[in-house]
Amino acid sequence: MSIAEKFIVLPYKKNRGNLVPGEMRQASNGPSAEKIAASMAARFVGVAAYAVMVDDETGDMTSPRLLARHGEIADLNIA
């Protein structure tokens, strides 16, 4: 089992009054994830950049750590 830290950016939009996540984007490092989130902020209700631990064999994500937040975001529930 190989676990590595990865960086993701998750935009949020409103759908029928509910906050829903958009397409997740991967970043190469923390500062890059924060920069991508900032650049996307004007186009979405909210955008968040996270550092997560990923099991390379299964793709399972755990231990999300919020790096940057813009606007309205939902709790990230990763098992």
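It should be noted that the structure appears before, not after, this text.
Below is a summary of the structure that appears in this document. (Residues numbered from 1 in each chain as written. Predicted model: local features only at pLDDT ≥ 70, side-chain atom pairs only at ≥ 80, totals over all residues. Heavy atoms only, no water.)

## What to know about the overall build of the protein
As a reminder, the rule being used: In this description a helix means any DSSP run of H or I spanning at least four residues, a strand means any run of E spanning at least two, and both kinds are numbered starting from the N terminus. C-alpha atoms define the radius of gyration in this analysis, and the globule rule sets the expected value at 2.2 Å times the number of residues to the power 0.38. The rule is simple: take the accessible area with a 1.4 Å probe, protein chains only, and divide by the maximum for that residue type; under 20% is buried, over 50% is exposed, in between is partly exposed. Two residues qualify as a contact provided that any one of their heavy atoms is within 4.5 Å of a heavy atom in the partner residue. Note that accessible areas follow from Shrake-Rupley with a 1.4 Å probe, and for residues the cover is restricted to the protein chains shown. The sign given to each residue is positive for Lys and Arg and negative for Asp and Glu; His and the chain ends receive no count. For charged residues, the charge sits on one atom: NZ in Lys, CZ in Arg, CG in Asp, CD in Glu.
Of the regular secondary structure elements, the protein holds 1 helix and 5 strands. Across the protein, helices and strands are ordered from the amino to the carboxyl terminus as β-β-β-α-β-β. A compact globule built from 79 residues should have a C-alpha radius of gyration of about 12 Å, and the protein, at 13 Å, falls within 12% of that. With the C-alpha coordinates of the protein rotated into their principal frame, the extents come out at 40 × 25 × 15 Å. The buried share of the protein, taken over its 79 residues, is 29%. Residue pairs at least 24 apart in sequence account for 54% of intrachain contacts in the protein once pairs closer than 6 positions are excluded. Here the protein has roughly 5000 Å² of accessible surface; of this, 48% comes from carbon and sulfur atoms. Where the 9 positive side-chain charges of the protein centre and where its 9 negative ones centre are 12 Å apart.

## Observations concerning unusual backbone geometry
Notably, Arg16 is not glycine yet its phi reads approximately 55°, a positive angle. For Arg16, a relative accessible area of 82% gives the class exposed.

## Thoughts on the pattern of salt bridges
Test applied: When a carboxyl oxygen of Asp or Glu is within 4 Å of a side-chain nitrogen of Lys or Arg, the pair counts as a salt bridge.
Taken as a whole and judged by the stated rule, the model has 2 salt bridges. A salt bridge links Glu5 to Arg65; its shortest N-O distance comes to 2.8 Å. With a gap of 60 residues between them, Glu5 in strand E1 (residues 3–15) and Arg65 in strand E5 (residues 61–71) connect regions that are remote in the sequence. Classification of Arg65 by relative accessible area gives partly exposed; the value is 43%. Between Lys14 and Glu72 there is a salt bridge whose closest N-O contact spans 3.4 Å. Of the two residues, Lys14 sits in strand E1 while Glu72 sits in the segment after E5, which places them 58 residues apart along the sequence. Owing to a relative accessible area of 42%, Lys14 belongs among the partly exposed residues under this scheme.

These results come straight from atomic positions and should not be treated as a statement about function.
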